[in-house]
Amino acid sequence: MSLTLRDATESDLPAIAALYAREVLGGTATFETTPPTLEEMALRFAAVRRHGLPWLVATVDGRFAGYAYASPFRPRPAYRYGVEASIYVEEDARGRGVGRALLETLIERTRTLGLRHVIGAISDSDTSAASVGLHRAMGFREAGVYRQVGWKFERWLDVTLMQLDLDPEGRPPTSPGLDLAGGLA
């Protein structure tokens, strides 16, 4: 197996949108219930890039296998040092190290930006043991659980919040963080 990671480009958007649409319609990793259009995915991609944050694509043996990106955690200025990580892996690529490779690279890219926290919001705690386990293995710790906050597929879903402190000693920031109106400050 040949796993390759690279920065996503606009030409990846059809594959990204298709994977996300399958998760919207059949999975619980997102609480969206209507798949966004390709145009909407292009706007989301542009917003991540405008913030100077990473959006990665994984391929296995030359075939699209998944993607990951970091987005601002919250829009208020005091949150400018935190990002939320999102990872989606094609079903046939799961269990092959794709998610781990995407998350490792996302963490390292975030660290080089001088940011402080990476947050994982893992939906459907009952069936997401692999995702929770991956985050734990990468150093994330559980920060809390929102119980029964999403209604999808005729059932209530929890969201487990996990947090990775890139500087657990809590030193003052070394960068100005994200300019939440645009990019890195």
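Provided above is the structure to which this section pertains.
In what follows, the accompanying structure is described. If you're wondering where the values come from, they're calculated on a predicted model, not measured in any experiment. Per-chain numbering applies: the sequence of each chain, read as written, is numbered from 1 onward. The model is predicted, so local features are restricted to residues of pLDDT at least 70 and side-chain atom pairs to those at 80 or more, both for listing and for counting; the totals for chains, interfaces and linings are taken over all residues. Based on all heavy atoms of the structure, the side-chain values leave hydrogens and waters out of the count.

Overview of the packing of aromatic side chains
Here comes step 1: Under the pairing criterion, centres of Phe, Tyr and Trp rings, with the six-membered ring standing for Trp, must be within 6.5 Å; the plane angle then separates stacked pairs below 30 degrees from edge-to-face pairs above 60, leaving the rest tilted. This model, assessed by the stated rule, comprises eight aromatic pairs.
Here comes step 2: Plain terms: the ring middles of Tyr 20 and Tyr 88 are 5.3 Å apart, the flat faces sit at 90° to each other, and that makes the pair edge-to-face. Taken together, the residues Tyr 20 in helix H1 (residues 13-26) and Tyr 88 in strand E4 (residues 82-89) connect sequence positions 68 residues apart.
Here comes step 3: A connected cluster of aromatic rings, assembled from ring pairs, spans Tyr 20, Phe 45, Trp 55, Tyr 67, Tyr 69 and Tyr 88. The helix and strand labels rest on DSSP assignments: H or I over at least four residues marks a helix, E over at least two residues marks a strand, and numbering proceeds from the N terminus.

Concerning the environment of Pro 77
Here comes step 1: With respect to the helices, strands and loops of the structure, Pro 77 is situated in the loop between strand E3 (63-72) and E4.
Here comes step 2: Taking the C-alpha atoms as reference points, Pro 77 and Leu 180, separated by 103 residues in sequence, lie 6.9 Å from one another.

Re the pairing of strand E2 (residues 55-60)
Here comes step 1: Burial of E2 is extensive: six of the six residues sit out of reach of the surface.
Here comes step 2: Relative accessibility thresholds used throughout: buried, under 20% of the residue-type maximum; exposed, over 50%; partly exposed, between the two (1.4 Å probe, protein chains only). Neither face of E2 is left uncovered, since the one carrying Trp 55, Val 57 and Thr 59 and the one carrying Leu 56, Ala 58 and Val 60 both have all their residues buried.
Here comes step 3: As judged from the five bridges shared by strand E1 (residues 3-7) and E2, these two strands associate in the antiparallel manner. Bridge assignment links Leu 5 to a residue of E2, and that residue is Ala 58.
Here comes step 4: Sheet analysis places E2 next to E3, joined by six bridges and oriented antiparallel. Each residue of the ladder has a partner; that of Trp 55, found in E3, is Tyr 69. We treat two strands as partners when DSSP finds at least two bridges between them.

A closer look at the nonpolar core
Proteins that are soluble and globular tend to have nonpolar side chains buried together.
Here comes step 1: Only buried residues count toward a nonpolar core. Its members are Ala, Val, Leu, Ile, Met, Phe, Trp, Tyr and Cys residues joined through side-chain atoms within 4.5 Å. Core analysis: the largest hydrophobic core is formed by 43 residues, its most contacted members being Ile 16, Trp 55, Tyr 67, Val 98 and Phe 140.
Here comes step 2: Other than its neighbours up to four places away in sequence, Trp 55 contacts Arg 6, Asp 7, Ala 8, Ile 16, Arg 44, Phe 45, Val 48, Tyr 67, Ala 68 and Tyr 69. Pairs of residues are marked as contacts when any of their non-hydrogen atoms sit within 4.5 Å.

Some thoughts on the sheet that holds E2
Here comes step 1: Pairing is mixed across the open sheet formed by seven strands, whose spatial order is E1-E2-E3-E4-E5-E7-E6. At either end of the open sheet lies a strand with only one pairing partner, and these are E1 and strand E6 (141-152). In this sheet, adjacent strand axes meet at a mean angle of 25° when their direction is disregarded.
Here comes step 2: Examined bridge by bridge, strand E5 (residues 117-123) and strand E7 (residues 155-165) share seven bridges and lie antiparallel to one another. Pairing of Val 118 across the sheet is with Leu 164, part of E7.
Here comes step 3: The axes used here are C-alpha line fits, helices contributing only the stretch in contact, and every angle between their N-to-C directions lies in the interval 0 to 180 degrees. Strands in contact with H1 are E2, E3, E4 and E6; relative to E3, the strand with the most contacts, it is inclined by about 80°.
Here comes step 4: Across the sheet, helix H4 (residues 129-137) is in contact with E5, E6 and E7; its angle to E5 comes to roughly 165°.

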